[in-house]
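Remarks on the overall topology
This is what each chain is made of:
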Amino acid sequence: MKIAFFAAASLSLLVADAQAATPPRFDLSAATGRRDAETRGWPEWEIGSEAEATRTVGDVTVTLRGVGAPLEGFLHKPRLADGATLASDGVHCAGDAIEIVLSGLPPGRHSLATFHNQQSGEPATQRLAGPGSAAEASPSIDADDDAKMPAAYVEFSSTAGQPVTLRLTAPERSIVLNAIEIDRPDPALRAAKPQPADGEGHVDGESGQVTLAWRPVDGAKAYRVYLAKSRNAADAVSQAESASFQGDGFHGERSEPTATVSVAAKDSLQHYAWRVDAVLAGDEVIQGDVWTFRVRHLAFPGAEGYGRFARGGRGGRVLHVTNLDDSGPGSLRAAVEADGPRTVVFDVAGRIVLESRLIIRNDALTIAGQTAPGEGVCVSNYNLGALGANDLVLRYLRVRPGDTSGKTLDGMGLASCDNAIVDHCSISWTQDESFSSRGAKNITLQRTLISEALNIAGHKKYAKGKSHGFAASIGGDIGSFHHNLLAHCAGRNWSLAGGTNQANRHAGRLDLRNNVVFNWEHRTTDGGAKQVQFVNNYYKPGPATRVFHVLKPEREWTHVFGPQDYYAEGNVMEGRYGPADDRYAGVVEPKGEPLSTFFSDEPFFPSHVSTESADVAYEDVLADVGCNVPSLDAHDQRVLQEVRTGKTTYKGSVSGLPGLPDSQEDVGGWDDYPEVHRSADWDADGDGLPGEWESAHGLDPADPGDAATDPDGDGYTNLEDYLNHIAN
């Protein structure tokens, strides 16, 4: 029996010990800097218009050289929308050949695979020739799946100190090269296209089992499955790579391309690594790649919607905010900008006056505002938002920028984030939207109080005197927005900002339910997205209100960018219409387009939200919304009272509109947030758990390691048990 690890024959880079270098592979692309064109496990190699390009990995240097014409990097954006990140980009060459020069290879046998996808036309056969061998591949055409892209695969020998040159040619100089990999088995003989997808961090394992599947290999008579697990991702991968037939980690041999494995149902900190080896005729075994996944668990009890499984900083470091400084050790900024899984707790209360925007860019973060002493914290002068970060849990925060920075600022946001949840936050006094989430995936905004977006406040993109008191521009696939209160915002309550995807088709799937909106002026909910669910929301006109619809679909561009469809039921406008009326009550019908042509009778997708009637939601939201732990501040108490009474206390100093301030000074400015510090013995071991709480729960107040453990197996660490306890 032959076992092929990095090629169909024994290759010199096969090293049995853990010091073996990972064989190089590259996803070729245009020089765009786009993260959405990157492929997991394939370093992005961006190339512009160049005669020659070089990359080095370890001791191996790869040079691509255009012969007779330069290399031209390209990106075909439409297929990024399908996830075909390898096939969507690459390099063209209109010359005689692309030379691929490999330097630094150890002496012995090696292999090279080149991957080929054309965007259009008839396939032009790509021929890869190396020392003593050659292979051809007929490119796929506009592939919507990387697994559909064929590869040319050759083996060759190298001599110490001598570079190896391979040559890629095609008829009529139509050379296309999307990706390359060195010293791995023939792609046509490897298991591929894993399910769950490689790196999927939120797999449904609630039954205690996960079904694995992969693309069948032509000619394979059996598959050998290997599974490893560890709290350390690198350890799990190493175990799966080194697992052997009938040894530790072997999970059986089967004839079908699927296997069911047992998992710890609630343990989202466990990393699972798996490998599938294909057994061919003659018992030749082709070793597969190692793929990984983790199972999901709720961010916290009460987390709902599509961001409910955000892991946040679970199991990671605990970082303490010990001062109210803009930056430096012990500041909120230092904790936010740190790397790796981390939970931020507060040993100080008071007002943080930022000197610049505070942007969350690094994954795996929990900010636990509920841990602050006194009256909690308020972020002011600048905003706090996230951009392109994943697995975020942001709870019990106040963000009130105001106009003192002289900048046009929003409040909070989750732009381009994935698996994130904002819960029980309070946002006010912004010049741009109070909240935005364009381009996001799997997010939730829940029980958050958005109020008093500054109306005529000098927005930099608008003429002097122009109103811009906007609550939120929301996107997401899927984005959940439930049990929030929007009060005293002139417009965009909400603005449906689904946008378009890379293929220039309408994007965004948004679920809005059980929200309360009060005292808008001229805009309620408008805009559009690919699919919108608008259910059991409660709109209460106020003294500034002058329009009385709840939803205005804006569909002017559906003939260009594709459909935008809606589902609506149970929405209420106090004093005007309610759930007993026509389900379309309060929906503005576009001119010449009956609502029945684009409104569905059934929801498009499940909400994963415990849904109430609009009337019940009104009371529920007012009873539990905003940053109410450690306590509601005077601002939010006033806003809630104004919603209940339907009356306003202040008016805009420029507009004169009741309830719609043009500056925070119109409503008295920031509350007084006393600066309060925890005592040094509150959490002596620095693990985020108060010593008294640890003692009461059988933990060691002197052991900083026990906060990250989960002895009761409920899926929450001891630290999370404490955070959830004080939030309730």
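Residues numbered from 1 in each chain as written. Predicted model: local features only at pLDDT ≥ 70, side-chain atom pairs only at ≥ 80, totals over all residues. Heavy atoms only, no water.

For the chain, the name recorded in an unreviewed UniProt entry is Pectate lyase, with Botrimarina colliarenosi as its organism.

**Some remarks on the overall build of the chain**
Of the regular secondary structure elements, the chain holds seven helices and 55 strands. In terms of overall size, the chain behaves like a compact globule, its C-alpha atoms giving a radius of gyration of 29 Å where 728 residues would be expected to give roughly 27 Å. Counting only C-alpha atoms and orienting by the principal axes, one finds that the chain spans roughly 85 × 70 × 45 Å. Within the chain, the fraction of its 728 residues that count as buried is 57%. (Helix = DSSP H or I, 4+ residues; strand = E, 2+ residues; numbered from the N terminus. Rg over C-alpha atoms; globule rule 2.2 N^0.38 Å. Buried < 20%, exposed > 50% of the residue type's maximum accessible area, 1.4 Å probe, protein only.)

**A word on helix α5 (residues 634-645)**
In this model, α5 (12 residues) spans 17 Å end to end at C-alpha, consistent with the 16 Å of a helix rising 1.5 Å per residue. Along α5, the residues classified as buried are His635, Asp636, Arg638, Val639, Leu640, Glu642 and Val643. (Expected span 1.5 Å × (residues − 1).)

**Here's the deal with the packing of helix α4 (residues 614-623) against α5**
Where α4 meets α5, the closest approach of the two axes is 10 Å, and the angle between their N-to-C directions is 160°. On the basis of the axis angle, α4 is roughly antiparallel to α5. For the crossing formed where α4 meets α5, the hand is left-handed. Touching Tyr618, Glu619, Leu622 and Ala623 of α4 are Leu640, Val643 and Arg644, all from α5. (Axes fitted to C-alpha atoms, helices over the stretch in contact; angles between N-to-C directions. Parallel < 35°, antiparallel > 145°, perpendicular 65-115°, else oblique. Left-handed = near helix turned anticlockwise from the far one by under 90°. Contact = heavy atoms within 4.5 Å.)

**Thoughts on the pattern of salt bridges**
As enumerated under the stated definition, the model contains 44 salt bridges in all. Note that Arg644 and Glu619 form a salt bridge whose closest N and O atoms lie 3.3 Å from each other. Of the two residues, Arg644 is situated in helix α5 and Glu619 in helix α4; the sequence distance between them amounts to 25 residues. Through salt bridges that share partners, Arg25, Glu181, Arg184, Arg190 and Asp289 make up one connected network. (Salt bridge = Lys/Arg side-chain N within 4 Å of Asp/Glu carboxyl O.)

**Concerning the pairing of strand β2 (residues 25-30)**
Of all six residues that make up β2, six are buried, and the element is covered over most of its length. Here three bridges tie β2 to strand β18 (residues 179-182), and the two strands are oriented antiparallel to one another. Residue pairing across strands places Phe26 opposite Ile180, the latter belonging to β18. Strand direction decides the pairing type here: β2 and strand β3 (residues 44-47), joined by four bridges, are parallel. Counted as the bridge partner of Ala30 is Ile47 from β3. (Pairing = 2+ DSSP bridges.)

**So, the side chain of Arg184**
With respect to the helices, strands and loops of the structure, Arg184 is situated in the loop between β18 and β19 (192-195). A polar side-chain atom of Arg184 sits 2.9 Å from the main-chain carbonyl oxygen of Pro23. (Polar contact = N/O pair within 3.5 Å; in protein donor to acceptor, adjacent residues only side chain to side chain.)

**Quick word on the packing of aromatic side chains**
In this description, a pair of aromatic rings is defined by centroid distance and the angle of the planes. Counted according to the given criterion, the structure contains 20 aromatic pairs. Both rings, one in Tyr306 and one in Phe605, keep their centres 6.1 Å apart while their planes meet at 85°; by these two values the pair is edge-to-face. With Tyr306 in the loop between β27 (290-295) and β28 (317-321) and Phe605 in the loop between β54 (572-573) and α4, the pair connects residues that are 299 residues apart, well separated along the chain. Among the residues examined, Tyr306 registers a relative accessible area of 15% and is labelled buried. For Phe605, a relative accessible area of 7% corresponds to the buried category. When the centroid spacing of 5.7 Å and the interplanar angle of 55° are considered together, the rings of Phe481 and Trp494 count as tilted. Linking Phe481 in strand β44 (residues 477-482) with Trp494 in the loop between β45 (485-487) and β46 (495-497), this pair joins segments that are 13 residues apart in sequence. The class of Phe481 is buried, set by a relative accessible area of 0%. Taking relative accessible area as the criterion, Trp494 reaches 1% and is therefore assigned buried. Grouped by ring-pair contacts, the aromatic residues Trp214, Tyr223, Trp274 and Trp291 constitute a single cluster. Sitting over the face of the ring of Phe548, Arg576 holds its NZ or CZ atom 3.5 Å from the ring centroid. (Phe/Tyr/Trp six-rings, centres within 6.5 Å; stacked < 30°, edge-to-face > 60°. Lys NZ or Arg CZ within 6 Å of the ring centre and 35° of its normal.)

**So, the sheet that holds strand β24 (residues 258-262)**
A sheet is described by the order of its strands in space; here three strands give the open sequence β19-β21-β24, paired in antiparallel fashion. Looking at the sheet topology across the chains shown, the edges are occupied by β19 and β24. On average, adjacent strands in this sheet sit at an angle of 20° to one another, irrespective of strand direction. Direction of pairing for strand β21 (residues 209-215) relative to β24: antiparallel, over a ladder of five bridges.

**Examining the nonpolar core**
Core analysis: the largest hydrophobic core is formed by 70 residues, its most contacted members being Ile360 and Phe435. Broken down by element, the residue count for this core peaks at three residues, all from helix α2 (residues 332-336). For Phe435, the residues in contact, after removing those within four places along its chain, are Met412, Gly413, Leu414, Val422, Ile427, Leu445, Ile450, Ala471, Ala472, Ser473, Ile474 and Phe481. (Core = buried A, V, L, I, M, F, W, Y, C linked by side-chain atoms within 4.5 Å.)

**Describing the domain arrangement of the chain**
When the parts come together, some accessible area is lost, and that loss is often what is quoted as the size of the interface. Per the domain assignment, the segments making up the chain are domain 1 (25-184), domain 2 (192-294), domain 3 (317-667) and domain 4 (679-726). With centres defined by C-alpha atoms, the gap from domain 2 to domain 4 works out at 35 Å. (Domains from an automatic or database assignment.)

**A word on the confidence of the model for the chain**
The predicted model of the chain has a mean per-residue pLDDT of 95, with 97% of residues at 70 or higher. Counting contacts from residues 1-20, a segment whose pLDDT is below 50, to residues more than four positions away or on other chains yields 48 contacts. (pLDDT = per-residue confidence, 0-100.)

**A closer look at the environment of Ser133**
One can find Ser133 in strand β13 (residues 133-137). Considering only alpha carbons, one finds Ser133 and Glu155, 22 residues apart in sequence, at a separation of 6.6 Å.

**Here we look at the pairing of strand β50 (residues 531-535)**
Regular strands place side chains that alternate from one sheet face to the opposite one. Here β50 lies mainly inside the structure; five of its five residues are buried. Residues of β50 alternate between two faces, with Gln531, Gln533 and Val535 on one and Val532 and Phe534 on the opposite face, all of them buried. For strand β47 (residues 509-513) and β50, the ladder comprises five bridges, and the chain directions are parallel. Residue Arg509 lies in a different strand from β50, and its bridge partner there is Gln531. With five bridges joining them, β50 and strand β53 (residues 565-569) adopt parallel strand pairing. Directly across from Gln531, in β53, lies its bridge partner Asp565.

**Observations regarding the layout of surface pockets**
Each pocket or cavity is described by its volume, and for the second largest pocket that value is around 470 Å³. Forming the boundary of the second largest pocket are 26 residues, of which Arg357, Asn383, Asp410, Asp432 and Ser436 lie nearest the centre. Of the residues forming the lining of the second largest pocket, the biggest block, four residues, is contributed by strand β37 (residues 412-415). (1 Å grid on protein atoms, 1.4 Å probe; cavity = no way out; pocket = protein on both sides within 12 Å on 5 of 7 lines; lining within 4 Å. Points joined across faces, edges and corners; volume = space filled by probe spheres on them.)

**Quick look at the sheet that holds strand β33 (residues 377-380)**
Here we have 10 strands laid out as an open sheet, ordered β54-β51-β48-β45-β42-β39-β36-β33-β30-β55, and mixed in their pairing. The outermost strands of the open sheet, each flanked by one partner alone, are β54 and β55 (676-677). In terms of strand pairing, strand β48 (residues 516-518) meets strand β51 (residues 538-540) through three bridges, oriented parallel. In the strand pairing of β51, Phe518 is matched with Lys540. Most of the contacts of α4 go to β51, to which it runs at about 75°, and overall it touches β45, β48, β51 and β54.

**Here's the deal with a positive patch on the surface**
There is a patch of like positive charges on the surface, built from Arg357, Lys407, Lys460 and Lys461. Within the fold, Lys460 resides in the loop between β42 (449-451) and β43 (472-474). Taking the relative accessible area as the measure of exposure, Lys460 reaches 62% and is therefore exposed. (Patch = residues over 30% accessible without salt bridge, like charges linked within 9 Å, V, L, I, M, F, W, Y side chains within 5 Å. Areas by Shrake-Rupley, 256 points an atom, 1.4 Å probe, with all protein chains shown as cover. Lys, Arg positive; Asp, Glu negative; His and termini not counted. Charge placed at Lys NZ, Arg CZ, Asp CG, Glu CD.)

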